[in-house]
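Examining the three-dimensional arrangement
As a plain string of letters, each chain reads:
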Amino acid sequence: MSVEEAAAILRGGGLVVFPTETVYGLGADAANPHAVARIYEAKGRPRFNPLIAHVPGLAEAERHGALRANARRLADAFWPGPFTLVVPRRGDSSVAELACAGLATIALRAPAHPIAQELLAAFGGPIAAPSANRFGHVSATTAQHAAADLEGRVDLVLDGGPSAIGLESTIVAVDDAGAVTLLRPGAVARADIEALVGPLAAAKVGHIQASGMLESHYAPRAQLRLDAEGPRPGEAYLAFAAPAPPGGATLSASGDLVEAAANLYASLRALDAIGAETIAVAPIPAHGLGEAIRDRLMRAAAPRC
Ligand code: TXA
Ligand code: MG
């Protein structure tokens with residue numbers, strides 16, 4: 001199960017699950033429209049939903065997108081890392097239009113995980129990859145979760161252990177005028193972005209740009225009840241810092257938001273697996289990574305479409 005083998009599979013138009021520090025990715029050669037089509041098919045994802053093109057760093061990113069000064073400043077600060085930039089797509093980019101769902105923009109991310117970087121180096125081109133889960137399901141934070149979701153639909157799974165961060169990357173759009181919009185909160189905090197580029201514009205309501213903006217998303221099978229101080233009869237309880245009652249789980253015994261984020265999706269999958277009809281979730285503090293955790297929980301709790 002080597003990185004070289006994975007790169008050869010990508011060259012042949014195959015699908016490879018690989019680790020990043022946020023969540024696992026379901027990767028294909030971004031320049032090969034047939035390979036990209038296989039991603040949508042494997043995920044059961046609507047075609048209109050564009051994919052992130054993963055690159056080693058800024059130099060490769062600039063071959064595919066037009067990065068204004070603001071975008072370059074953010075890339076310098078947060079790459080490689082849990083950060084995705086949406087910028088105008090260059091007409092001469094090799095990334096297949098299907099990967100961008102026909103949009104005039106492109107999402108670019110340089111991940112920090114050493115296996116992801118090794119794979120990018122061995123392959124030598126951009127890798128299109130959404131999170132390695134079936135569409136609408138919670139993202140995979142272990143190779144086993146990815147394999148369980150995508151069994152028989154991928155050619156190789158690279159195991160890099162549990163994801164360090166456990167939530168998808170922060171997504172920020174920088175348009176041709178240099179205006180910066182937060183499309184999806186994540187491990188790179190709003191305050192750290194604003195420190196570099198000033199106040200962020202609000203995302204346009206009703207305009208689906210990031211999959212995190214679809215109402216129901218990142219959802220387990222069970223229904224979720226949020227900001228619950230405790231479980232009602234029959235509910236499984238997902239506690240934040242307190243010990244959970246039997247059959248429940250705790251996100252972080254020490255009340256650490258970073259640890260809670262890393263445990264979130266695995267906990268939801270575990271409570272799903274015991275067959276709970278409803279998972280009651282404790283209130284999560286709203287500061288720091290709490291914004292991203294609350295964002296994902298709100299989408300997981302939204303009425304299913
Ligand atoms: O941490 C992550 O971001 C992981 C790892 C694998 O990199 N990837 C991930 O991909 O979460 P995905 O596809 O599940 O979510 C990324 C979202 C897409 O659903 C899409 O809506 C948004 O990024 N996106 C991609 N291209 C875009 C574009 N041109 N304009 C606006 N949003 C875009
Ligand atoms: Mg996803």
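Everything numeric in this text was worked out from a predicted model, so none of it was measured. (Residues numbered from 1 in each chain as written. Chains lettered and ligands numbered in written order. Predicted model: local features only at pLDDT ≥ 70, side-chain atom pairs only at ≥ 80, totals over all residues. Heavy atoms only, no water.)

Now for the domain arrangement of the chain. The figure often quoted for interface size is the accessible area lost as the parts come together. The domain boundaries assigned to the chain delineate domain 1 (3-202) and domain 2 (223-301). Each of domain 1 and domain 2 has a C-alpha centre, and the two are 27 Å apart. Taken together, the 22 residues of domain 1 in the interface contact 13 residues of domain 2. Regarding the contact of domain 1 and domain 2, the summed buried area is about 1400 Å², with carbon and sulfur atoms giving 58% of it. The largest share of the area that domain 1 buries against domain 2 comes from Val138, Leu167 and Pro185, three residues that together contribute 40% of it. Connecting domain 1 to domain 2 are three salt bridges. Where Asp149 meets Arg269, a salt bridge forms, and the shortest distance between an N and an O atom there is 3.2 Å. Where domain 1 packs against domain 2, one counts seven residue pairs in polar contact (both at pLDDT 80 or more). (Domains from an automatic or database assignment. Contact = heavy atoms within 4.5 Å. Buried area = accessible area lost by both parts, 1.4 Å probe. Salt bridge = Lys/Arg side-chain N within 4 Å of Asp/Glu carboxyl O. Polar contact = N/O pair within 3.5 Å; in protein donor to acceptor, adjacent residues only side chain to side chain.)

Now for helix α4 (residues 69-78). Listed as buried for α4 are Asn70, Ala71, Leu74, Ala75 and Phe78. Taken down its axis, α4 places every buried residue within 130 degrees of arc, on the same side. (Buried < 20%, exposed > 50% of the residue type's maximum accessible area, 1.4 Å probe, protein only. Helix = DSSP H or I, 4+ residues; strand = E, 2+ residues; numbered from the N terminus. Arc of directions from axis to C-beta.)

Let us now look at the sheet that holds strand β2 (residues 25-29). Within the open sheet, the nine strands sit side by side as β7-β1-β2-β6-β3-β5-β4-β8-β9. Their pairing is mixed. Since the sheet does not close on itself, it has two edges, and those belong to β7 (156-157) and β9 (180-184), each with one partner. Where strand β3 (residues 52-54) and strand β6 (residues 127-128) come together, two bridges link them in antiparallel fashion. Residue pairing across strands places His54 opposite Ile127, the latter belonging to β6. (Pairing = 2+ DSSP bridges.)

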